[in-house]
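Coordinate analysis (summary)
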Amino acid sequence: MVVFLPVLRHVSRTGLRCGRASFATSQRNLTSLPSHYVLPSGDKIPSVALGVWRSEKNKVGEAVKTALKAGYRHIDGAWIYRNEEEVGQALKDSGVPREEVWITSKLWNTFHDPEDIEPALDESLAKLGVDYLDMYLIHWPVAKKDGQPYDKELTENPYPTWQKLEEMVAKGKVRNIGVSNFNIRRLQNLTANPLKIKPAVNQVEISFWVPQPELLAWSKENSVLLEAYSPLGSDSKVKDTLAVPEVVEIAKELGMTPAQVVISWHVQRGTVVLPKSVTPSRVVENLQVRALPSELFDKLEKAATSHKPYPRLNPSKSWGLDFDIFE
Ligand SMILES: NC(=O)c1ccc[n+]([C@@H]2O[C@H](COP(=O)([O-])OP(=O)(O)OC[C@H]3O[C@@H](n4cnc5c(N)ncnc54)[C@H](OP(=O)(O)O)[C@@H]3O)[C@@H](O)[C@H]2O)c1
């Protein structure tokens, strides 16, 4: 079993907040959160990323520049977000050397046929203005071209897709490959093939409302690092997340904001976390995370895993699929 070695230090580059509560915190001698995890390739993936889904045109570039200035070194994007050009321009304008930034993009559903993969990847690379990606993910476990029924065989066993991704690693266009929105069954199906490279990560919805403790435990046992998307509950639930009584209480006690408490909780659970914001002050705020004392972490974990399940993002119906993508 490969163990993800957390590289311990404070993730925040801007230091602890001032004031009485943070004094109380430092008195408790908190341990640090991992700033990175070490992947099987040996690469270090930063634990907190800026997500750029639904980051609007003419805003996303500023968000990326603000993030890089604040100390983020991980941008989570995708071909389908249709903002790779602006993200790429911001990376260039930031002056931060390419090799210091972890860039993830994702292969869209329409490009799962092996012959479609390299052109799609090349398009992302060109738009981002880079010659390699740090991580390339199969965005969803469904192979489906626009206006056509889904490809059942390739959806059920995406081995041909995966083999092409392995080839992209061999060619140096991608450094690590992984999946997104895969459940345990789909990961087991994929890894039952004779893979040269195992999926390094699985990017899935994880939030206070969708905490996924079983998937988290399974992923740890099977050396698949989880990346938590919509970690604040996405647009529709972010207000509710930040008003959860336990979150508010812990924030008050530690002199942190509710968003910082939630993002810290994610990293403390051992996942990469991908909060999205185009609001400069929030972008900065979201990187200032630190370990919660264990009793407060446990309190939040208990609250997150004991409420009734909340429906997660599930595009099966809107994509006209005759199966549930999570089954
Ligand atoms: N693989 C996949 O299929 C998939 C699916 C969904 C998402 N993702 C990834 O995950 C990222 C995050 O997901 P998401 O955008 O759905 O949800 P999210 O990060 O949970 O929530 C984003 C919302 O929270 C607000 N927000 C951010 N920081 C805040 C703060 N400190 N205080 C108050 N509000 C705050 C944002 O507002 P403002 O922007 O207005 O500040 C936005 O409305 C995406 O950008 C993408 O990279 C991947």
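Residues numbered from 1 in each chain as written. Predicted model: local features only at pLDDT ≥ 70, side-chain atom pairs only at ≥ 80, totals over all residues. Heavy atoms only, no water.

The protein chain is annotated in an unreviewed UniProt entry as NADP-dependent oxidoreductase domain-containing protein of Roridomyces roridus.

The helix and strand tally for the protein chain stands at 13 helices and 11 strands. Relative to a compact globule of 327 residues, whose C-alpha radius of gyration would be 20 Å, the protein chain shows 19 Å and is just as compact. Projected onto its principal axes, the C-alpha coordinates of the protein chain cover approximately 60 × 45 × 35 Å. Here the protein chain, with 327 residues, has 57% of them falling under the buried criterion. Excluding contacts between residues fewer than 6 apart, the proportion of contacts in the protein chain whose partners are at least 24 apart in sequence is 77%. Total accessible area on the protein chain is roughly 14,600 Å²; 53% of this is exposed by carbon and sulfur atoms. Separation of charge centres in the protein chain, based on 41 positive and 40 negative side chains, amounts to 5 Å. (Helix = DSSP H or I, 4+ residues; strand = E, 2+ residues; numbered from the N terminus. Rg over C-alpha atoms; globule rule 2.2 N^0.38 Å. Buried < 20%, exposed > 50% of the residue type's maximum accessible area, 1.4 Å probe, protein only. Contact = heavy atoms within 4.5 Å. Areas by Shrake-Rupley, 256 points an atom, 1.4 Å probe, with all protein chains shown as cover. Lys, Arg positive; Asp, Glu negative; His and termini not counted. Charge placed at Lys NZ, Arg CZ, Asp CG, Glu CD.)

This next bit is on helix 3 (residues 84–94). Working note: α-helix, 3.6 residues per turn, so residues spaced by three or four point in the same direction. Along helix 3, the residues that are buried comprise Glu84, Val87, Gly88, Ala90 and Leu91. Angular distribution of buried residues about the axis of helix 3 spans 160°; they occupy a single face of the element. Of the residues in helix 3, the exposed ones pointing more than 90 degrees away from the buried face are Glu85 and Lys92. Those residues of helix 3 hidden inside the fold are in contact with helix 2 (60–70), strand 5 (74–76), strand 6 (102–107) and helix 4 (114–128). Taken from the residues just after helix 3, Gly95 is the one with a positive phi, measuring 80°. (Arc of directions from axis to C-beta.)

Near the ligand you find 30 residues, and of these Asp76, Leu232, Ser234, Ser277 and Thr279 are the closest. Pro231 places a main-chain nitrogen or oxygen 3.2 Å from an oxygen atom of the ligand. Calculation on the ligand without its partners gives an accessible area of 910 Å², and the protein chains cover 92% of this total. Only helix 9 (234–242) and helix 12 (280–285) provide two or more residues apiece to the shell around the ligand. Across the shell around the ligand, the residue classes break down as 13 nonpolar, 11 polar and six charged. (Near = heavy atom within 4 Å. Polar contact = N/O pair within 3.5 Å; in protein donor to acceptor, adjacent residues only side chain to side chain. Nonpolar A, V, L, I, M, F, W, Y, C, P; charged D, E, K, R; others polar.)

Here we take up unusual backbone geometry. The backbone of Asn58 shows a phi angle near 65°, a positive value even though the residue is not glycine. Checked against the element boundaries, Asn58 lands in the loop between strand 4 (50–51) and helix 2. In this structure Asn58 comes out as exposed when scored by relative accessible area, which is 66%.

On to the packing of helix 4 against helix 6 (residues 159–170). Their axes nearest at 9 Å, the elements helix 4 and helix 6 cross at an angle of 40°. On the basis of their axis angle, the class for helix 4 and helix 6 is oblique. Where helix 4 crosses over helix 6, the handedness of that crossing is right-handed. The residues of helix 6 that touch helix 4, namely those facing Pro114, Ile117, Glu118 and Leu121, are Pro160, Thr161, Lys164, Leu165 and Met168. Class assignment for the residues of the contact of helix 4 with helix 6 results in six nonpolar, one polar and two charged. (Axes fitted to C-alpha atoms, helices over the stretch in contact; angles between N-to-C directions. Parallel < 35°, antiparallel > 145°, perpendicular 65-115°, else oblique. Left-handed = near helix turned anticlockwise from the far one by under 90°.)

Before going further, it helps to examine the side chain of Asn181. On the secondary structure map, Asn181 appears in the loop between strand 8 (177–180) and helix 7 (184–191). At a separation of 3.2 Å, a polar atom in the side chain of Asn181 contacts the side chain of Ser180. Of note is the side chain of Asn181, whose polar atom sits 2.6 Å from the side chain of Tyr229.

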